[in-house]
Amino acid sequence: MTQDELKQAVARAALDYVVEGKIVGVGTGSTANCFIDALAEIKDRIAGAVASSEATRKRLEGHGIRVFDLNDVTELPVYIDGADEINARMHMIKGGGGALTREKIVAAVAEKFVCIADGSKLVPVLGKFPLPVEAIPMARAQIMRELASLGGTPVVRDGFVTDNGNLIIDLKGLEIADPAALETRLNQIVGVVTNGIFACRPADVCLLGTGEGVKILTAS
């Protein structure tokens, strides 16, 4: 199966986690887009969706799916999103598409977080994929100095502005042995909005697309 076919397979498998009559949280990125397209087929069976980015909102609305502001939602049974990397403990690096802050907010509200990914995203140790850090623009230089002190190479994502009006700094060359500790440490840097490690709130389950079909993984 091609990578696109694997993404489509996990996207369709994720429909089993959608709660009928309720609102579903929807992530951002190519795999999430496959899920949105699949979700459109059952849109009459859900109340609507919460979007983790403006791009996701537009795609949902393009399918005729009602999009709710998260502030108006009191119950969110499930959030479904992809990952740039995920390990066996369901810790992830996310934010390749730059939506990490809103993704993290929606994931924090959801009762269950379902990660959908193709098999290439499963790794023994996080860090080969550059770690995105959303930064307030005026703090860019100081944040980059702090990030460099951790041993990685920080690079401002050229020409990119988040939906929140901020910068993304991609931290390259790290081997992340303790994701939760690093997530907490990075978020304590003044001017950092959040970072792309999802370990303090990991996925509850991962639907992994493989050549042998969709595998269901939980934390080990």
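Everything discussed here concerns the structure shown above.
As the structure is a prediction and not an experimental result, all values here were calculated from the model.

**Student:** Give a detailed account of helix 1 (residues 3-13), specifying residues and quantitative values.
**Tutor:** The set of residues buried in helix 1 consists of L6, K7, V10, A11 and A13. End-on view of helix 1: buried residues confined to an arc of 160°, all on one side of the axis. Elements that come into contact with the buried residues of helix 1 comprise helix 2 (30-39), strand 7 (112-118), strand 13 (205-210) and strand 14 (213-217).

**Student:** Go over the packing of helix 2 against helix 3 (residues 54-62) with me, naming the residues and quoting the values.
**Tutor:** Where helix 2 meets helix 3, the closest approach of the two axes is 9 Å, and the angle between their N-to-C directions is 20°. Here helix 3 runs roughly parallel to helix 2, going by the angle between their axes. In the crossing of helix 2 with helix 3, the sense of the turn from one axis to the other is right-handed. Counting all contacts with helix 2, which are made through N33, I36, D37 and L39, the residues of helix 3 involved are T56, R59 and L60. Of the residues belonging to the contact of helix 2 with helix 3, the class tally is three nonpolar, two polar and two charged.

**Student:** Go over the pairing of strand 2 (residues 48-51), please, and point to the residues and values.
**Tutor:** Side chains G48 and V50 of strand 2 all project onto a buried face; the interleaved residues A49 and A51 project onto the opposite face, where all are buried too. Note that strand 1 (residues 23-26) and strand 2 share four bridges and pair parallel. Across the sheet, V24 pairs through a bridge with A49, a residue of strand 2. In terms of handedness, the path from strand 1 via helix 2 over to strand 2 forms a crossover that is right-handed. Pairing of strand 2 with strand 3 (residues 67-68), which is carried by two bridges, proceeds in the parallel orientation. Bridged to A49 within strand 3 is V67. For the segment spanning strand 2, helix 3 and strand 3, crossover handedness is right-handed.

**Student:** Give me the side chain of E103: which residues, what numbers.
**Tutor:** Position of E103 relative to the elements: it lies in helix 4 (residues 100-109). With residues near it in sequence (within four places) discarded, E103 still touches T28, S52, Y79, D81, K94, G95 and F198.

**Student:** Give me a nonpolar patch on the surface: which residues, what numbers.
**Tutor:** A contiguous nonpolar patch, built from I136, M138 and V193 and spanning about 300 Å² of accessible area, is present on the exposed surface. Here V193 lies in strand 11 (residues 192-195). The partly exposed category is assigned to V193, whose relative accessible area is 32%.

**Student:** Which residues make up the layout of surface pockets, and what values do they have?
**Tutor:** Computed from the structure, the largest pocket encloses a volume of approximately 220 Å³. Around the largest pocket, the lining comprises 18 residues; the ones closest to its centre are T28, G29, S30, A83 and D84. Of all the secondary-structure elements, those providing two or more residues to the lining of the largest pocket are helix 2 and strand 7. Tallied by class, residues from the lining of the largest pocket come to four nonpolar, eight polar and six charged.

**Student:** Tell me about the sheet that holds strand 8 (residues 131-135), and name the residues and values.
**Tutor:** Taken together, the four strands give an open sheet; going across it, the order is 9-10-8-11, and neighbouring strands pair in antiparallel fashion. If you trace the sheet from one side to the other, it starts and ends with strand 9 (153-156) and strand 11, each paired once. With direction set aside, neighbouring strand axes in the sheet form an average angle of 25°. Relative to strand 11, strand 8 runs antiparallel, the two sharing three bridges. Paired with E134 across the bridge in strand 11 is T194. Relative to strand 11, helix 4 is tilted by about 65°, and along the sheet it contacts strand 8, strand 10 (167-172) and strand 11. Helix-sheet contacts for helix 6 (residues 179-187) involve strand 8 and strand 11, and the interaxial angle to strand 11 is about 165°.

**Student:** How would you summarise the packing of aromatic side chains if you had to cite specific residues and measurements?
**Tutor:** Applying the stated criterion to the full structure yields two aromatic pairs. Relative to F113, the ring of Y79 lies with its centre 5.1 Å away and its plane at 50°, an arrangement referred to as tilted. Here Y79 is found in strand 4 (residues 78-81), whereas its partner F113 is found in strand 7, with 34 residues between them in sequence. Accessibility assignment for this pair places Y79 and F113 in one class, buried. Aromatic side chains F113 and F198 sit 6.5 Å apart centroid to centroid with 70° between the ring planes, which places their arrangement in the edge-to-face category. You can see F113 sitting in strand 7 and its partner F198 sitting in strand 12 (residues 197-198), a full 85 residues away along the chain. With relative accessibility at 1%, the residue F198 sits in the buried group. Among the aromatic residues, those joined into a ring-pair cluster are Y79, F113 and F198.

What counts as what
Residues numbered from 1 in each chain as written. Predicted model: local features only at pLDDT ≥ 70, side-chain atom pairs only at ≥ 80, totals over all residues. Heavy atoms only, no water. Buried < 20%, exposed > 50% of the residue type's maximum accessible area, 1.4 Å probe, protein only. Helix = DSSP H or I, 4+ residues; strand = E, 2+ residues; numbered from the N terminus. Arc of directions from axis to C-beta. Contact = heavy atoms within 4.5 Å. Axes fitted to C-alpha atoms, helices over the stretch in contact; angles between N-to-C directions. Parallel < 35°, antiparallel > 145°, perpendicular 65-115°, else oblique. Left-handed = near helix turned anticlockwise from the far one by under 90°. Nonpolar A, V, L, I, M, F, W, Y, C, P; charged D, E, K, R; others polar. Pairing = 2+ DSSP bridges. Right-handed = clockwise from strand over helix to strand, strands pointing away. Patch = residues over 30% accessible without salt bridge, like charges linked within 9 Å, V, L, I, M, F, W, Y side chains within 5 Å. Areas by Shrake-Rupley, 256 points an atom, 1.4 Å probe, with all protein chains shown as cover. Salt bridge = Lys/Arg side-chain N within 4 Å of Asp/Glu carboxyl O. 1 Å grid on protein atoms, 1.4 Å probe; cavity = no way out; pocket = protein on both sides within 12 Å on 5 of 7 lines; lining within 4 Å. Points joined across faces, edges and corners; volume = space filled by probe spheres on them. Phe/Tyr/Trp six-rings, centres within 6.5 Å; stacked < 30°, edge-to-face > 60°.

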